[in-house]
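What the coordinates show
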Amino acid sequence: MTESVGDSKAEVKQATKYVKETENVAEKYSALTVSKNSSDVNMNVGEMPSAAFTAMPTLKSVKKIQFANTEDKQEFSKYPTKAGRRSLSRSISQSSTDSYSSAASYTDSSDDETSPRDKAQRNRDRRTRHVCPDLLEEESPGEKPLAGAKIVGCTHITAQTAVLIETLVALGAQCRWTACNIYSTQNEVAAALAETGVPVFAWKGESEDDFWWCIDRCVNTEGWQANMILDDGGDLTHWVYKKYPSVFKKVRGIVEESVTGVHRLYQLSKAGKLCVPAMNVNDSVTKQKFDNLYCCRESILDGLKRTTDIMFGGKQVVVCGYGEVGKGCCTALKALGAIVCITEIDPICALQACMDGFRVVKLSEVIRQMDVVITCTGNKNVVTREQLDRMKNGCIVCNMGHSNTEIDVASLRSPELTWERVRSQVDHIIWPDGKRVVLLAEGRLLNLSCSTVPTFVLSITATTQALALIELYNAPEGRYKQDVYLLPKKMDEYVASLHLPNFDAHLTELSDEQAKYMGLNKNGPFKPNYYRY
Amino acid sequence: MAEPAAEAKLEVKQASKEVKESENVAEKYSAMTVSKNSEMNMGELSSAFSAVPTHKPVKKQIQFVEDKQEFSRFPTKAGRRSLSRSISQSSTDSCGSAASYTDSSDDETSPRDKTQVNSKGNSDFCVKNIKQAEFGRREIEIAEQDMSALISLRKRAQSEKPLAGAKIVGCTHITAQTAVLIETLVALGAQCRWTACNIYSTQNEVAAALSETGVAVFAWKGESEDDFWWCIDRCVNNEGWQPNMILDDGGDLTHWMYKKYPNVFKKIRGIVEESVTGVHRLYQLSKAGKLCVPAMNVNDSVTKQKFDNLYCCRESILDGLKRTTDVMFGGKQVVVLGYGEVGKGCCAALKALGSIVSITEIDPICALQACMDGFRVVKLNEVIRQVDVIITCTGNKNVVTRDQLDRMKNGSIVCNMGHSNTEIDVASLRTPELTWERVRSQVDHVIWPDGKRVILLAEGRLLNLSCSTVPTFVLSITATTQALALIELYNAPEGRYKQDVYLLPKKMDEYVASLHLTTFDAHLTELSDDQAKYLGLNKNGPFKPNYYRY
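Calculation notes
Residues numbered from 1 in each chain as written. Chains lettered and ligands numbered in written order. Predicted model: local features only at pLDDT ≥ 70, side-chain atom pairs only at ≥ 80, totals over all residues. Heavy atoms only, no water. Helix = DSSP H or I, 4+ residues; strand = E, 2+ residues; numbered from the N terminus. Contact = heavy atoms within 4.5 Å. Areas by Shrake-Rupley, 256 points an atom, 1.4 Å probe, with all protein chains shown as cover. Buried < 20%, exposed > 50% of the residue type's maximum accessible area, 1.4 Å probe, protein only. Core = buried A, V, L, I, M, F, W, Y, C linked by side-chain atoms within 4.5 Å. Salt bridge = Lys/Arg side-chain N within 4 Å of Asp/Glu carboxyl O. Pairing = 2+ DSSP bridges. Phe/Tyr/Trp six-rings, centres within 6.5 Å; stacked < 30°, edge-to-face > 60°. Lys NZ or Arg CZ within 6 Å of the ring centre and 35° of its normal. Axes fitted to C-alpha atoms, helices over the stretch in contact; angles between N-to-C directions. Parallel < 35°, antiparallel > 145°, perpendicular 65-115°, else oblique. Left-handed = near helix turned anticlockwise from the far one by under 90°. Nonpolar A, V, L, I, M, F, W, Y, C, P; charged D, E, K, R; others polar. Disulfide = S-S within 2.5 Å.

With that settled, the discussion passes to the overall build of chain B. The helix and strand tally for chain B stands at 20 helices and 15 strands. Sequence separation of 24 or more characterises 72% of the internal contacts of chain B that already satisfy a separation of 6 or more. Summed over all atoms, the accessible surface of chain B reaches about 20,200 Å², with 51% contributed by carbon and sulfur.

Here it is, written out as structure tokens:
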């Protein structure tokens, strides 16, 4: 880690410069968030976040889980609620939620029946580090931008997260960590982290009770008080709010990754209850594009190939919804020679589809001819039983969109239909006349159930989180108020620039003269906030 | 036009419902515009604006000049117009296909000195020759065929007359497509007086046809600067008629009214502005606290932006290169400078024809997008010796320098899709050791002493304006957006819009898109009640939050 000190020293300078220069940008962004201070935008306060947010498909069922409902702790003991809730988040790192995910723990937890809560374990003194450091860590070995930061985290505990945690430690932070999902922990990774001295409270297959016990142990420790929170799903934030509100006096900021958690934060902010700055990293450009467009472009082919070994050339495919996910799916399928048409409710997206060369149809018009039906609307019941009845023999139905609501799978569980499991995640549903429809992952998300999530994508998320923590921790008093902020564009650009070397991409630099002509700073930000990319 | 009355009635209802429901959306948007109340935001938003390439030179050259002298300088005027990115500007260019067929040189008398009367005895207009009206009518009818969206808007809202009582004064390019817009506004109940926003772009026969139908048009091709302002003045300053709406393209009309007839603004309900330049001027006014009526920025609507840049350039890059050089694209090494909307369009088109495309970029986010789309991200110097075609679309200046031009290989093609004529350092090629050889209209061979030739297109000016056409479909989108913006501003209840610059409500944007879907025989799916409830959406939109990136 010391090899390129001279070289990276210069880059550190730049990195910290980036951080400093974000001041204006951040303030600019602040105007876009719900601001309690500018009273003249009052009308806006009520409308913007909530109405805008409710328009986002993935948020809908979140309604079930508000802070209000959780006042009675009873709800948490309901096991299915917990599992159900997690799967609603669109966050890609959720993938490990699924028990079929490749990221699941290798060591089966069933070989040891004693609950980890009852065991006293000790780490060895020898500190070993197997995981390669994050990009960011290489960028700033000398400087410790997080020195003094006490970060309490609640995320999926996987090898990728471990890289993030060790990066934070390397940047000077003290960390305590717990899992945001009862299934997703990789036990061996948790062990490795604990071995290096990071207090980790998590194992695969926690109960609801264990889950909250872990969070509590994480936060409530003698002589150590957190001053930063890194959350995924908002459970940790919620717990601290309910149990240890005094902790917030010292907390400098919350970094929240998931759609669900961000929604909860906006609710808090709306209610005037948010008492520290929070950073919404979910809506950064880089993360959004990778989570949806690029990731789905790859996983649709991967998922379908793994499950059905289908050949795409000349197949008739209908993709329901032409948002980021739909655009990704269509591009990939078209490239392999499939004949793709789409359905859409939004005329702007429909017009985009037209211009990209896809026919815009209603599902009922084409359902009889289709070989593959892919849903990515974020809606519910877009493929109904009536439409399933009219499909042709061998038609493949799968969901890339949201939760398990898009295909009306419940309607298929009727006595006249026979279900035949032909492979893991693949069901043949047989009609009385012998027609078969191939249903993948029982209507759950194909990309989470039947394909992998590239580490590259998780790297983008993790880098964004780390930068958000650094920004919040080092921000001068008053830059961030008690509100939810988007990551400054500068940061977003920095995350992207850190990932460019993977592609051997050579960024052009503006000359002084050109920068002046464009009215830009040579180091960015390069685009106005409303730029659509 | 009266045939599907019952059906249209129903659709009108829907249309007007949509207009009403846009209330909230509009208010939401209003917070995104430059608000005079939030000081900090104001200063910064404008700096955000200054990050848009096309704005730069505009800002420096054309501010509201207090001394009228500047307007009499002819080159300034022509120069200014070409800076605007608005696609309808294309007709500015002398090569534009929309130029008037009738040559203005056949009649030396200035239209100002002639008294003309249309068939109804009306003489409140000033055009080149009213006798060309019949020919102009045919032009308009041809344009109507490609502007089905605007026509369907006309049919849907005709019985309702949402613009009844509106007195619109307009200043745009006067072409067959604009004529369709004007006649739509008239059909919706408005009274219109019109003038040209450009001294060259008027189609004389179309102006005549409009005058014949009773629209007061003051414009002809080849006006002088003086004529230009005279026309605007005649348009605004009319006994017993005071405008209450302004439709502007470039901001000249607004400027003139501010200077000469400030009291007219007491009655004005709103300004609709189409061009980048004009929008920039409005934001300046608003920032200075001088904007005294609501203004609608239709330039930045999603539909218009995507069509003006991404889709249009995707087609015109191939068209422009083929027309000028007959190049075959398969296997050619192409470098595209800049991966914004224009660059994305160019790359997609070239890749589809089998070119090997690499890009240069300064913005890491766009560079990462290029990587993920399968384009190599390089610095120009690294590849300059190998490439066959260089296309600039950065909005910057001197991105291709003399030094780089020196190192190019024989026969490579250099052209500009981006902005004005600054991107390629053409001036540096005008040196004695290089020979320029014009081989075709818009095509120059620049010959080095060793015999190497570099093919420069349109002398570094915009290839898509100089060497390819602008589809009527795109103009239809602009015109429909303008019409809806006028309806929205005119019918907005007191207090919905304040003295500020607004973006078009997303609802409207979606409505424009939906009107154009019929062209593609696209069938939009409708949400069921159940689904709409689940998503928390209104069944009729808006369907996306404001920050959605499309």
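Moving on from the model shown.
It is worth spelling out the overall build of chain A at this point. Looking only at helices and strands, chain A features 19 helices and 15 strands. When the 533 residues of chain A are sorted by exposure, 61% land in the buried category. Pairs at least 24 residues apart make up 72% of the contacts formed inside chain A by residues separated by at least 6 positions. Working note: accessible area of chain A is about 20,600 Å², and carbon and sulfur atoms make up 51% of it.

In terms of nonpolar packing, the biggest core is built from 109 residues, with Leu304, Val319 and Ile374 of chain A together with Ile168 and Leu185 of chain B touching the most fellow members. Ranked by the residues each element gives to this core, the list is headed by helix H18 (residues 472–491) of chain B, at 12 residues. Ignoring anything within four residues of it in the chain, the contact list for valine 319 of chain A reads Gly326, Cys329, Cys330, Leu333, Val340, Cys341, Ile342, Thr343, Ile374 and Cys376 of chain A. Leu230, Leu293, Leu500 and Tyr531 of chain A belong to the second largest nonpolar core, which has 92 residues in total.

What follows deals with helix H8 (residues 204–212) of chain B. All names here are of chain B. The element H8 is extensively covered by neighbouring structure, given that 8 of its 9 residues are classed as buried. Within H8 the residues assigned to the buried category are Asn204, Glu205, Val206, Ala207, Ala208, Ala209, Leu210 and Ser211. Positioned one or two residues after H8, glycine 214 has a phi angle of 105 degrees, which is positive.

Our next topic: the side chain of glutamine 352 of chain A. Note on placement: glutamine 352 of chain A falls in helix H13 (residues 347–355). The residues touching glutamine 352 of chain A, leaving out its near neighbours within four places in the chain, are Tyr322 and Lys327 of chain A together with Lys306, Tyr311 and Tyr550 of chain B.

Residue glycine 524 of chain A is joined to proline 525 of chain A through a cis peptide bond whose omega torsion reads 0 degrees. By secondary structure assignment, the location of proline 525 of chain A is in the segment after helix H19 (512–518). Cis geometry marks the peptide bond from glycine 541 of chain B to proline 542 of chain B, where omega comes out at 0 degrees. Residue position: proline 542 of chain B is located in the segment after helix H20 (529–535).

Let's shift gears to the environment of leucine 537 of chain B. One can find leucine 537 of chain B in the segment after H20. With 10 residues separating them in the primary sequence, leucine 537 of chain B and leucine 527 of chain B have C-alpha atoms 9.1 Å apart.

Looking now at the pattern of salt bridges. In total, this model carries 43 salt bridges over all chains according to the counting rule given. For arginine 117 of chain A, the salt bridge goes to aspartate 209 of chain A, with nearest N and O atoms at 3.1 Å. Of the two residues, arginine 117 of chain A is situated in the loop between helix H4 (79–88) and helix H5 (135–139) and aspartate 209 of chain A in helix H8 (residues 208–219); the sequence distance between them amounts to 92 residues. The class for arginine 117 of chain A is partly exposed, based on a relative accessible area of 27%. A salt bridge links arginine 402 of chain B to glutamate 433 of chain B; the nearest nitrogen and oxygen atoms lie 2.9 Å apart. On the criterion of sequence distance, the pair formed by arginine 402 of chain B in helix H16 (residues 402–407) and glutamate 433 of chain B in the loop between strand S11 (412–416) and strand S12 (435–440) is long-range, its members being 31 residues apart. On the accessibility criterion, arginine 402 of chain B (17% relative accessible area) is buried. Salt bridges sharing partners connect three or more residues here, namely Arg413, Arg421, Asp427 and Glu442 of chain A.

All names here are of chain A. What the 8 strands build is an open sheet, ordered S9-S8-S7-S10-S11-S14-S13-S12; its pairing is mixed. In the strand order of this sheet, the two ends are held by strand S9 (359–360) and strand S12 (418–423), each with one partner. Of the strand pairs in this sheet, strand S13 (residues 426–430) and strand S14 (residues 436–440) are connected by 5 bridges, and their pairing is antiparallel. Opposite valine 426, over in S14, you have leucine 440 as the bridge partner.

All names here are of chain A. According to the stated counting rule, one finds 20 aromatic pairs over all chains in the structure shown. For the ring pair tyrosine 531 and tyrosine 533, a centre distance of 4.9 Å and an interplane angle of 90 degrees mean the geometry is edge-to-face. In this structure tyrosine 531 comes out as buried when scored by relative accessible area, which is 16%. Among the residues examined, tyrosine 533 registers a relative accessible area of 3% and is labelled buried. Taking NZ or CZ as reference, arginine 176 lies 5.6 Å from the ring centre of tryptophan 224, over its face.

Residues and elements named next belong to chain B. Here strand S1 (residues 167–172) lies mainly inside the structure; 5 of its 6 residues are buried. With 6 bridges connecting them, S1 and strand S2 (residues 191–196) associate as parallel partners. Among the inter-strand pairings, cysteine 171 is bridged to a residue of S2, identified as threonine 195. Strand direction decides the pairing type here: S1 and strand S4 (residues 245–248), joined by 4 bridges, are parallel. If you follow valine 169 over to S4, its bridge partner there is isoleucine 246.

Residues and elements named next belong to chain A. In spatial order, the strands read S3-S2-S1-S4-S5-S6-S15; together these 7 strands make up an open sheet with parallel pairing. Because the sheet does not close on itself, it has two edges, and the strands there are strand S3 (200–201) and strand S15 (484–486). Summarising the sheet, strand S1 (residues 150–155) and strand S2 (residues 174–179) pair through 6 bridges and their orientation is parallel. Bridge assignment links cysteine 154 to a residue of S2, and that residue is threonine 178. Relative to S2, H8 is tilted by about 175 degrees, and along the sheet it contacts S1, S2 and S3.

To continue, consider the packing of H18 of chain B against helix H19 (residues 506–517) of chain B. Residues and elements named next belong to chain B. It is the contact of H18 with H19, at a shortest axis distance of 10 Å, that shows an interaxial angle of 140 degrees. As the angle between them shows, H18 and H19 are arranged oblique. The crossing of H18 and H19 is right-handed. Here Phe473, Ser476, Ile477, Thr480, Thr481, Leu484 and Glu488 of H18 come into contact with H19, specifically with Met508, Tyr511, Val512, Leu515 and His516. Its residues assigned to classes, the contact of H18 with H19 comprises 7 nonpolar, 4 polar and 1 charged.

This next bit is on the state of the cysteines. Under the definition given, this model contains 0 disulfides over all chains. In this model cysteine 218 of chain A remains outside any disulfide bridge; the closest cysteine sulfur is found in cysteine 154 of chain A, 7.7 Å from its own. The class for cysteine 218 of chain A is buried, based on a relative accessible area of 0%. Cysteine cysteine 235 of chain B is unpaired, with the sulfur of cysteine 171 of chain B as its nearest cysteine sulfur at 7.8 Å. Note on cysteine 235 of chain B: relative accessible area 0%, which makes it buried.

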